[in-house]
Amino acid sequence: MRSDSISGSFNRRFSLIKNARLFSQGAYLSYIALFHWLQPAPYLASKIVMPLAQMFFFVFLGTFGSETLPASFFVIGNAMQMAAVSGIYGVTMAIGGDRWEGTLVYLFGTPAPRMSIFLGRASAHILDGILGIIIGFFWGWLLLGLDLGSTNFALLALAVVVTVFSTSGLGLVMGCVGLITRNVMFVNNTIYFLLLLLSGANVPLDRLPGWLRGVSRSLPLSRGIEAARLIISGGETGRALTLLAGEAAVGAAYLVVGYLLFSGFEKAAKRRGSLEVA
Amino acid sequence: MKREIKRRGKARAAVIIRVMEMTLKQNLTDGFVIFTVLIQPLLVALLGIWMLQDKGPEYAIYIVVGSGMSGLWSSLVFISGNAVNVERWFGTLETLIGVPTPLSAIVFGKNLAHVLQSLGSILLCYVLASAFFGYPLTVAMPLPFAVSLLCVVLAFICFGLLIAPLFVLNPQIASFQNGLEFPVYVVSGFLFPIAMLPLWTVPISYALPTYWAAKAMHASARASETLGSIAFSWLVLLLTSVVYAGIGVILFRVVIRKAKEKATLDAF
């Protein structure tokens, strides 16, 4: 009896270590595989130059076009929007990449718990997304005069983490879509630009038609960006926390949907014998 | 001699037209091309419409032209830039090098297709702003606008002739593609004047045909400059076209020579 208990405890611990290893290996390998990390040019282009230039473009466009909104509106919006570079492109390609590389069969053939694989793929990109937003704020502060004097930095850090998490949730769903479509980059690019339009990063949500505002609220980023603006302007903490709770809930919903899709596609592909063409 | 030149010219034109036709057909099934040429400029136009709302309806034509120009550039950098590389990926580059038609003429045909289909983005943005947002859209100087359009087509094709072999010769630049899109949107003044930018960026703008293209198109669409000023932009576009095409043809020769010398046509 005692021996069974020890054995059970050992098995649980072993299983935990195994899951942790799957999680960390998946995170590390998906990260280095995505941009061929050992070459700095694709990394610099995709993670620093492109987001920075994009931020400049929208900040200049916004300040040129708006007579009422300050430059900080666009700087904060576009710094937070950088979560989508890792959250959408990174996560989608980390999930969908197995199909293009022909490794999906092996992945689905392993007994590894799917949740460890699934979250492991996303986690490195969550860290990368956090780094992207920090870089965005740094450029905004250094080059575009963003005033961080009234900022509660702990709360802003929370906003960044929650927003990257929720955006990665959408990325996981898109990654699953990538398992069943040939045009994953078409879907990715469209979602990324739709977020630029609907997240509130560049266009105040009250300018959008009512139905588009509804769409915006069902997407990640919109509450996170609003919260970040509130935090940086020294606004009410309670309101910011409410927005962040909403953002986290949106992210969790996408995560659950993504996991269910991942499991569903696996079962369907195995049943039909169409793993590579599912 | 004259007859021979005429015959060769006809043959070359026929190849260019055929390549253009094939490229257009191929692109119709390519999701990335459809996004770059049609969807992205439409989304940029929507962003422009809502972000420049305070400027009033007279800016609608500015947004239409600017969004279309963004589509032209994205198409150039992502699609025309890979005009040679894509043949390498398909395994057809050896065949193209083997035919008597110069590779530069084939890429010219491809670029012609890319630029012409990208012009569709201006038309789409026009329809979006006019039909869905009800903006009154009129081109203030129709004839200069048409001439500007022709100059832009030529300039973008020739710029494509420069970057396609450049991306092959220097893969580092090609891997930087993602970082080339928005900086050119910024320094070319597609959707806001370059007067907003720091002074040190002005020479960069002046060196790019995209800036002169946007300048000519915006000015003729809105009659915001004199005809003389617009004509100056045409002149610069034509001159840069000649220069970029000349350098491009030389680079194509370098690409082919290097590949043949090293016997690495499909790997460079």
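Up top is the structure.
As a starting point, this report considers the structure included with it.

Conventions adopted
- Residues numbered from 1 in each chain as written.
- Chains lettered and ligands numbered in written order.
- Predicted model: local features only at pLDDT ≥ 70, side-chain atom pairs only at ≥ 80, totals over all residues.
- Heavy atoms only, no water.
- Core = buried A, V, L, I, M, F, W, Y, C linked by side-chain atoms within 4.5 Å.
- Buried < 20%, exposed > 50% of the residue type's maximum accessible area, 1.4 Å probe, protein only.
- Helix = DSSP H or I, 4+ residues; strand = E, 2+ residues; numbered from the N terminus.
- Contact = heavy atoms within 4.5 Å.
- Buried area = accessible area lost by both parts, 1.4 Å probe.
- Salt bridge = Lys/Arg side-chain N within 4 Å of Asp/Glu carboxyl O.
- Polar contact = N/O pair within 3.5 Å; in protein donor to acceptor, adjacent residues only side chain to side chain.
- Nonpolar A, V, L, I, M, F, W, Y, C, P; charged D, E, K, R; others polar.
- Disulfide = S-S within 2.5 Å.
- Axes fitted to C-alpha atoms, helices over the stretch in contact; angles between N-to-C directions.
- Parallel < 35°, antiparallel > 145°, perpendicular 65-115°, else oblique.
- Left-handed = near helix turned anticlockwise from the far one by under 90°.
- Phe/Tyr/Trp six-rings, centres within 6.5 Å; stacked < 30°, edge-to-face > 60°.
- Lys NZ or Arg CZ within 6 Å of the ring centre and 35° of its normal.

**Examining the nonpolar core**
A general trend in soluble globular proteins is that nonpolar side chains are found buried together.
And step 1. In this structure, F57(A), F137(A) and M69(B) are the most contacted members of the largest nonpolar core, which totals 136 residues.
And step 2. Counting residues per element, this core draws most heavily on helix α3 (residues 60-78) of chain B, at 12 residues.
And step 3. Excluding residues that lie within four positions of it along the chain, F137(A) makes contacts with I76(A), A79(A), M80(A), L146(A), L156(A), V160(A) and I232(A).
And step 4. Listed in part, the 17 residues of the second largest apolar core include I97(B), V107(B), V168(B) and V255(B).

**Quick look at the interface of chain A and chain B**
And step 1. Between chain A and chain B, the residue contacts involve 36 residues of the former and 32 residues of the latter.
And step 2. Across the chain A to chain B interface the summed buried area is about 3,300 Å²; carbon plus sulfur atoms make up 79%.
And step 3. When residues of chain A are sorted by the area they lose upon contact with chain B, F57(A), F64(A) and F193(A) head the list and together hold 24% of the total.
And step 4. Across the contact surface, chain A and chain B share 1 salt bridge.
And step 5. For R207(A), the salt bridge identified is with D54(B), shortest N-O distance 3.4 Å.
And step 6. Our enumeration of links across chain A and chain B arrives at 5 residue pairs in polar contact (both at pLDDT 80 or more).
And step 7. Counting only elements with at least two residues in the side of chain A that touches chain B, the list comes to α2 (40-65) and α8 (184-198) of chain A.
And step 8. At 18 residues, α2(A) tops the list of elements feeding residues into the side of chain A that touches chain B.
And step 9. Among the residues forming the side of chain A that touches chain B, the class breakdown is 23 nonpolar, 11 polar and 2 charged.

**Regarding unusual backbone geometry**
And step 1. With phi around 85°, L221(A) is a residue other than glycine that occupies positive phi space.
And step 2. Here L221(A) lies in the loop between α9 (210-217) and α10 (222-232).
And step 3. Exposure remark for L221(A): the relative accessible area of 0% places this residue in the buried category.
And step 4. The phi torsion at A223(B) lies on the positive side, around 50°, for a residue other than glycine.

**As for the state of the cysteines**
And step 1. Scanning the model with the defined rule gives 0 disulfides over all chains in all.
And step 2. Cysteine C151(B) remains unbridged, with the sulfur of C158(B) as its closest cysteine sulfur at 11 Å.

**Overview of the packing of helix α7 (residues 153-180) of chain A against helix α11 (residues 237-272) of chain A**
Packed helix pairs are characterised by how far apart their axes lie and by the angle those axes make with each other.
Residues and elements named next belong to chain A.
And step 1. Contact geometry of α7 with α11 gives a least axis separation of 8 Å together with a crossing angle of 20°. Judged by the inter-axis angle, α7 sits roughly parallel to α11. Crossing of α7 over α11 shows left-handed handedness.
And step 2. Here the residues of the contact of α7 with α11 are counted per class, giving 23 nonpolar, 6 polar and 1 charged.

**Quick look at the environment of A20(A)**
And step 1. Positionally, A20(A) belongs in helix α1 (residues 2-34).
And step 2. Sequence separation between A20(A) and I117(A) is 97 residues, and the spatial gap between their C-alpha atoms is 9.9 Å.

**Examining the environment of L196(A)**
And step 1. With respect to the helices, strands and loops of the structure, L196(A) is situated in helix α8.
And step 2. Along the backbone, L196(A) and M82(A) are 114 residues apart, and their C-alpha atoms lie at a distance of 9.9 Å.
And step 3. Ignoring sequence-local partners within four residues, the contact set of L196(A) consists of Q54(A), F58(A), N78(A), Q81(A), N202(A) and L47(B).

**Digging into the side chain of T92(A)**
Residue and element names in this part refer to chain A.
And step 1. Looking at the secondary structure, you find T92 in helix α4 (residues 83-101).
And step 2. Taking relative accessible area as the criterion, T92 reaches 0% and is therefore assigned buried.
And step 3. At 2.4 Å, the side chain of T92 forms a polar contact with the backbone oxygen of I88.
And step 4. Once residues lying within four places of it in the same chain are set aside, the contact partners of T92 are G97, G171, M174, G175, V184 and N188.

**Focus: the pattern of salt bridges**
Residues and elements named next belong to chain B.
And step 1. What the rule picks out here adds up to 9 salt bridges over all chains.
And step 2. Residues E87 and K110 are paired through a salt bridge, measuring 2.7 Å at the closest nitrogen-oxygen approach. In this pair, E87 is assigned in helix α4 (residues 85-90) and K110 in helix α6 (residues 103-132), connecting sequence segments 23 residues apart. K110 carries the same exposure label as E87, and that label is buried.
And step 3. K215 is the partner of E225 in a salt bridge, and the nearest nitrogen-oxygen pair spans 3.1 Å. Of the two residues, E225 sits in the loop between α11 (209-222) and α12 (227-262) while K215 sits in helix α11, which places them 10 residues apart along the sequence.
And step 4. Given the relative accessible area of 24%, E225 is considered partly exposed.

**Focus on the packing of aromatic side chains**
To describe a pair of aromatic rings, you give the distance between the ring centres and the angle between the ring planes.
And step 1. Under the counting rule described, the total for this entry stands at 29 aromatic pairs over all chains.
And step 2. Measuring from ring centre to ring centre gives 6.5 Å for F193(A) and F182(B), while their planes differ by 15°; the resulting arrangement is stacked. In this pair, F193(A) is assigned in helix α8 and F182(B) in helix α9 (residues 181-187), connecting two distinct chains.
And step 3. Overall, the relative accessible area of 2% leaves F182(B) in the buried class.
And step 4. Positioned over the ring face of F73(A) is R229(A), at 3.5 Å from the centre of the ring.

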